[in-house]
Structures are given as structure tokens and as C-alpha cells.
Amino acid sequence: MTEFLCSLCPRRCGALRTGTEGGGFCGMPALPVVARAALHFWEEPCISGTRGSGTVFFSGCNLGCVFCQNGSISHGRFGRPVTIPRLREIFQELIAQGAHNINLVTPTHFAPAIREALETPLAVPVVWNSGGYELPETLRTLEGKVQIYLPDLKYADSALAARYSGAADYFETATAAIREMFRQVGRCVWDADGMLQRGVIIRHLLLPGALENTKAVLDWIVGTFPAGSVLVS
């Protein structure tokens, strides 16, 4: 898919995205823009392991987090356009370097291109590493192609979500997305070396002065998933 009116993320901005031209909130074209691809040793231990996670950082983002640690990539849109065949080659090159998995960082707005690049299964698990602001219908198009979901669950408080990420509907949107992620991959599964092969890891950042927000996020996780079925980081 090299040209479409975009409704991939909850913003449903309807921007015309072509192979080379972008618009809407993320400002990205239809074909992927990659900022960095390399072995990454600083994810959760069950993702990075001893050989590293084969991490592909995509440019642009559908959130506007003021505390983003990758601001030049997500907001500044730094990166290089790649074709879908080249993206597949990047995955294979990282696997050849010993990657435990292929880790797709901020991939939501490139879902159709990534889905095409993953048409043939890889030899290692695929990690969907996102801010959690997803549409279940977009995630459903990835079923069977992604083995590990690594979403944020940043906010239960809509005022905080609006203030810091420009997404007042974050909690209801992200929780629906995480339910869909769990439906697809189920309980966590590890290999003999303790590397995650399948499952959901939910990340949460404790914001200064927002302890009640964190309590509400953890209450939702505990009340939604059976004990031990997901990881929390």
C-alpha cells in the first residue's frame, strides 16, 4: 500500500499518505522512514538478552509526549526512507548479527508496510514496541505476524494524557488496544534461556506528583489480567 487516506491510529486524521509524501499528525509518508537499526542491549532483560534485540526505530509518532527520550526521531522526524524489500533486508541483517528478536519501535503509522515486510515469518519473534495509543482494528491486521507486544500504559488520568501527550482519550484507547494484544498472543512464554518468545509486557512511567495515576494504571492491570499472564515494567 503506497497511497491511502490514513485511519491507522486513534486520531483518524484522514491525511493523504503516499510513498514519499506525508501529512496528518505524524507527518510521515506511507513507506517507512527509519532513524536507526541496530542491536539494542538496554530493553527488558528478557528482550535484549545477551546478544541484543534487533531494534528498528521508526520516525514520527502518533503521540506528542513532552518527555519523549527520542524527540529528534518522533517529533523532529529524523530518518531515512526505505522500501519494503529493504526493510525486510534490515530485519534479516539484524538476525544474522545474532538478534534475539526484531524490535519495531514506534511502528503504528507504518503498519501496512511492516505487515507486508513480515508476510513471510522471521526466524525470531517480532516485538511491537509502541506508546499504546493504538486501534484494535489496526492491531488485528498484524495477528500472527507479531509475537510480543510491548506497549506503554502511560495514563489513567485524561487530564494528564491531554497535557503531556495531547491525547485525552488515551486510557480508554490504550486499554482496548492492550486487551486486543493479549487476545492475540496470550500468556507469556519463555524459552530455556529465559528469553520471551510470546506475550505482553506493559510499560509504565511514574510521573512526578502523579502517584494516583500510577495506582490507577496498576489497578487496571491487576483487575484485567490473570496473575502472571503479563509482565509489567
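In case you missed it, the structure is sitting above this.
A short tour of the structure in this document, coming up. (Residues numbered from 1 in each chain as written. Predicted model: local features only at pLDDT ≥ 70, side-chain atom pairs only at ≥ 80, totals over all residues. Heavy atoms only, no water.)

1. A few points about the pairing of strand β7 (residues 126–130)
Looking down a regular strand, the side chains alternate between one sheet face and the other.
For step 1, the next point in the chain: Judged by how many residues are buried, β7 sits mostly within the fold: five of five residues are covered.
For step 2, the next point in the chain: In this structure, β7 lies alongside strand β8 (residues 148–151), joined through four bridges in parallel fashion. Bridge pairing in β8 links V127 to I148. (Buried < 20%, exposed > 50% of the residue type's maximum accessible area, 1.4 Å probe, protein only. Helix = DSSP H or I, 4+ residues; strand = E, 2+ residues; numbered from the N terminus. Pairing = 2+ DSSP bridges.)

2. Points about a nonpolar patch on the surface
For step 1, the next point in the chain: A contiguous nonpolar patch, built from V66, F67 and L205 and spanning about 270 Å² of accessible area, is present on the exposed surface.
For step 2, the next point in the chain: With respect to the helices, strands and loops of the structure, V66 is situated in the loop between β4 (53–58) and α2 (71–74). (Patch = residues over 30% accessible without salt bridge, like charges linked within 9 Å, V, L, I, M, F, W, Y side chains within 5 Å. Areas by Shrake-Rupley, 256 points an atom, 1.4 Å probe, with all protein chains shown as cover. Salt bridge = Lys/Arg side-chain N within 4 Å of Asp/Glu carboxyl O.)

3. Brief notes about the pairing of β8
For step 1, the next point in the chain: Neither face of β8 is open: one carries I148 and L150, the other Y149 and P151, and all of them are buried.
For step 2, the next point in the chain: Where β8 meets strand β10 (residues 196–202), two bridges bridge the pair, whose relative direction is parallel. Directly across from I148, in β10, lies its bridge partner G199.

4. Let's talk about the side chain of T18
For step 1, the next point in the chain: Mapped onto the secondary structure, T18 falls in strand β2 (residues 16–18).
For step 2, the next point in the chain: A relative accessible area of 16% means that T18 is categorised as buried.
For step 3, the next point in the chain: When residues no more than four places from it in sequence are discounted, the contact partners of T18 are T2, E3, P29, A30 and L31. (Contact = heavy atoms within 4.5 Å.)

5. Notes on unusual backbone geometry
For step 1, the next point in the chain: With a phi angle near 40 degrees, R12 is a residue other than glycine that sits in the positive phi range.
For step 2, the next point in the chain: Within the secondary structure, R12 sits in the loop between β1 (3–5) and β2.
For step 3, the next point in the chain: For R12, a relative accessible area of 47% puts it in the partly exposed group.
For step 4, the next point in the chain: You will see that T106, though not glycine, has its phi angle at about 55 degrees, which is positive.
For step 5, the next point in the chain: With respect to the secondary-structure elements, T106 resides in the loop between β6 (102–105) and α4 (111–117).

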